[in-house]
Amino acid sequence: MRVVVAPDSFKGTLGAAAAAEALAAGWRAERPDDEVLTLPLADGGEGTLEALGHDVDDSCWRSAAVSGPDGRPVRAAWLLLPDGTAVVEMARAAGLPLLERPDPLGATTRGLGELLAAVVAAPGVHRVLLTLGGSATTDGGTGALSALGARFLDVDGAELPPGGGALARLDRVDLSGLTPPPAGGVQCLVDVTAPLLGPLGAAGQFGPQKGAAPDQVAALDAALARLADRLGGERDAPGAGAAGGTAYGFAACWEAQFVSGAQAVAAAAGLDEALAGAALVVTGEGQFDAQSLRGKVVGDLVDRAGRAGVPVAVVAGRVAIEEDGSLPVQQALSLTELAGSVDGAMTDPVRWLSVAGSRLAREQSVTV
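Just so we're clear, the structure is a prediction, and the values are computed from it rather than from any experiment. (Residues numbered from 1 in each chain as written. Predicted model: local features only at pLDDT ≥ 70, side-chain atom pairs only at ≥ 80, totals over all residues. Heavy atoms only, no water.)

Across its full length, the chain carries 14 helices and 13 strands. Taken against the 2.2 N^0.38 rule, which gives 21 Å for 368 residues, the C-alpha radius of gyration of the chain at 22 Å falls within 12% of a compact globule. With respect to the principal axes defined by its C-alpha atoms, the chain has extents near 75 × 45 × 35 Å. Considering the chain as a whole, with its 368 residues, one finds that 53% of them fall into the buried category. At a minimum sequence separation of 6, the contacts of the chain that also span at least 24 residues come to 70%. Of the accessible surface of the chain, which amounts to about 14,900 Å², a share of 50% is contributed by carbon and sulfur atoms. Between the averaged position of the 26 positive side-chain charges in the chain and that of its 44 negative side-chain charges there is a distance of 3 Å. (Helix = DSSP H or I, 4+ residues; strand = E, 2+ residues; numbered from the N terminus. Rg over C-alpha atoms; globule rule 2.2 N^0.38 Å. Buried < 20%, exposed > 50% of the residue type's maximum accessible area, 1.4 Å probe, protein only. Contact = heavy atoms within 4.5 Å. Areas by Shrake-Rupley, 256 points an atom, 1.4 Å probe, with all protein chains shown as cover. Lys, Arg positive; Asp, Glu negative; His and termini not counted. Charge placed at Lys NZ, Arg CZ, Asp CG, Glu CD.)

Following this line, the structure appears as structure tokens:
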């Protein structure tokens, strides 16, 4: 029997690759003769590099020294896939954990631009997948674009300092020196539908998560509106507000396209090819609920497995939806129930994922 083990990360406890190995170990303990393929997945945010680095043979890790969101140096990794696709994770260069303290007005994406400059100059790079989860910034991507040669100027012709707050003084934009995107284009992997502006936009919805007080949220929203007035582009496009408006900035200046992170990672990892001929696919995440089936990793996998005619089993830290005839999965196991408590499941997730894998394998043995 061929089994595909393709979970998302169990956020806060275990990455997708470790979760896949634990589930697979439990399965193999019960059914050692089965072919078990581990294919960890991600939604295009943090963890995407590890997932694709595990899944894609002959992928190559690279890194560059760049400026962090507060200007301090960091070393940011990126991944080159065999087809010439470079996978760049924004959080590696401008992620919230890189700040000693939140700086909603001053945090900059400049390091992302420095990383992208190194990426597009590297031999063999044809296309960029840019993952936008976990950012510390709300500067509309202007810091990154500045590092790539764009100039954001005040009324006196001076370049603005870093951060979204400074965009309140933006007078004009000079893109004449902007490094062009790679020939194969740029795709921004997004898992939100936020527009650039308004209460559900980059500042309104996500600013407080980055430490912005209400007056700072209002100031950042007004600053991003000023940027949109100068750049044009689709400020209302779903996803434009991702990563503090970085998605908008790269769409307006680098012709980037927005794509579902879960779908792009699944395609790059070769999920459809892995499902061909499989008897079962096992997936998982921290919490399996109604939102899981709406464009997230598990939902995209369920759709793909349905088209391939492969049944799905879900293992989650917590299952928060009823398992009935309408649920598009064969089975849903809760680690909390297996361990007897939330604390038990979170304290030793590898153990309980292995237990879940063993249980699924035993039950499969009964049905075949």
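Continuing now.
Another point: the sheet that holds strand β4 (residues 73-80). In spatial order, the strands read β3-β4-β5-β6-β9-β10; together these 6 strands make up an open sheet with mixed pairing. The sheet is open, and its two borders are formed by β3 (60-67) and β10 (257-260), each paired with just one other strand. Neighbouring strand axes in the sheet, compared pairwise and without regard to direction, differ in orientation by 30° on average. Two elements, β4 and strand β5 (residues 85-89), share 3 bridges in a ladder whose sense is antiparallel. Across the sheet, Leu80 pairs through a bridge with Ala86, a residue of β5. The strands touched by helix α8 (residues 242-254) within the sheet are β9 (186-190) and β10, with β9 carrying the most contacts at an inclination of about 160°. Relative to the sheet, helix α9 (residues 261-269) contacts β9 and β10, its axis offset from that of β10 by approximately 80°. (Pairing = 2+ DSSP bridges. Axes fitted to C-alpha atoms, helices over the stretch in contact; angles between N-to-C directions.)

Residues Gln331 and Leu333 point to one face of strand β13 (residues 331-334) and Ala332 and Ser334 to the other, with burial holding for every one of them. The sheet contact formed by strand β12 (residues 312-319) and β13 spans 4 bridges and is parallel. Counted as the bridge partner of Val314 is Ala332 from β13.

The biggest cluster of nonpolar side chains holds 51 residues, and the ones touching the most others in it are Trp78, Val88, Leu132 and Phe250. Per element, the largest residue contribution to this core is 7 residues, and it comes from α8. Once residues lying within four places of it in the same chain are set aside, the contact partners of Phe250 are Leu112, Leu116, Gly141, Ala144, Leu145, Leu148, Cys188, Glu255 and Ala256. (Core = buried A, V, L, I, M, F, W, Y, C linked by side-chain atoms within 4.5 Å.)

Along the chain, Asp174 turns up in strand β8 (residues 172-174). Judged by relative accessible area, which is 18%, Asp174 ranks as buried. A polar side-chain atom of Asp174 sits 2.7 Å from a polar atom in the side chain of Ser176. Discounting chain neighbours no more than four positions away, the residues touching Asp174 are Gly149, Ala150, Arg151 and Leu153. (Polar contact = N/O pair within 3.5 Å; in protein donor to acceptor, adjacent residues only side chain to side chain.)

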